[in-house]
Amino acid sequence: SDGRFTDSLLACQWNGRTVLIDGHGRYRLWLSLPEDTKIKPPNVEYLDLDTFDEARAWMARHALGRRNLTKFQRKALVGARYNAEKRSPYRPIKKGCQSGTLSPLQPIKTAEKIAEEEETSKRSVFRAGQFHDALRKIGAVDLRFPDDILANKCKLTESQIMSLGDLPREEMKAAIESIKSGKSW
């Protein structure tokens, strides 16, 4: 209303490239404005994240703070966070242990850490990671179909989604087409 964007875009820089982490909608809106607009472009703030996996985990944590997520959206975000954070350099350390001491480190399982923060079980976090993997495989065959799943447009069960993600590529493609056309699968 006052001719400016109030929230900044959040980005990271790696190898001389800038990667937008948050504010995609604001950025698209800015690009859609006429060239002679008097609205100033949104500010850009840079996050200090070392790798793309750290950025993925940050994006998942940030998105999990939203209120209006579907069950599948929440599960996919928990899974994305788990899959990004389970790699060894980012694994959490149990409280009371200090890195750099001569005593052996006692790593806490990533699933335990996320389960505690999300108030769920570590088994649910592990299954969420598998669910996220299934969505990624489905997205490799049909880029838009995971969005339909997450928006609950195709009325699949979690079990069906996991099974779909396990299919060979050609069978998955045929199954997706069948689901889109309203046929049973």
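Reading guide: rules and limits
Residues numbered from 1 in each chain as written. Predicted model: local features only at pLDDT ≥ 70, side-chain atom pairs only at ≥ 80, totals over all residues. Heavy atoms only, no water. Helix = DSSP H or I, 4+ residues; strand = E, 2+ residues; numbered from the N terminus. Buried < 20%, exposed > 50% of the residue type's maximum accessible area, 1.4 Å probe, protein only. Contact = heavy atoms within 4.5 Å. Pairing = 2+ DSSP bridges. Axes fitted to C-alpha atoms, helices over the stretch in contact; angles between N-to-C directions. pLDDT = per-residue confidence, 0-100. Phe/Tyr/Trp six-rings, centres within 6.5 Å; stacked < 30°, edge-to-face > 60°.

**Some words on the overall build of the protein**
Regarding its fold elements, the protein presents 8 helices and 3 strands. The 185 residues of the protein split such that 34% are buried. In the protein, of all internal contacts separated by at least 6 residues, the share reaching a separation of at least 24 is 57%.

**A look at the environment of Y27**
Structurally, Y27 can be placed in helix α1 (residues 24–32). Residue Y27 is classed as partly exposed on the basis of its relative accessible area, which comes to 38%. As for Y27 and L9, which are separated by 18 residues in sequence, their C-alpha atoms are 7.5 Å apart. Discounting chain neighbours no more than four positions away, the residues touching Y27 are L9 and L20.

**Thoughts on the environment of E118**
Summarising the element assignment, E118 is placed in helix α4 (residues 110–118). As a C-alpha pair, E118 and R61 span 57 residues in sequence and 9.8 Å in three-dimensional space.

**Some remarks on the sheet that holds strand β2 (residues 17–22)**
An order of β2-β1-β3 is seen for the 3 strands of this open sheet, with the pairing classed as mixed. Two strands bound the open sheet, and with one partner strand each, they are β2 and β3 (44–46). Each strand axis lies, on average, 40 degrees off the axis of its neighbour in the sheet, ignoring direction. On top of the sheet, α1 reaches β1 (9–14) and β2; it is set at about 115 degrees to β2, its chief contact.

**Comments concerning the confidence of the model for the protein**
In this model, the protein carries an average pLDDT of 86, and 88% of its residues clear a pLDDT of 70 or more. Counting interchain partners and residues more than four positions distant, the pLDDT-below-50 stretch residues 99–104 has 1 contact.

**Structural notes on the packing of aromatic side chains**
What the rule picks out here adds up to 4 aromatic pairs. On the numbers, 6.4 Å between centres and 80 degrees between planes, the contact of F5 with W30 is edge-to-face. Here the residue F5 occupies a position in the segment before β1, and W30 occupies one in helix α1, the gap between them amounting to 25 residues. Assessed through its relative accessible area of 24%, W30 is described here as partly exposed.

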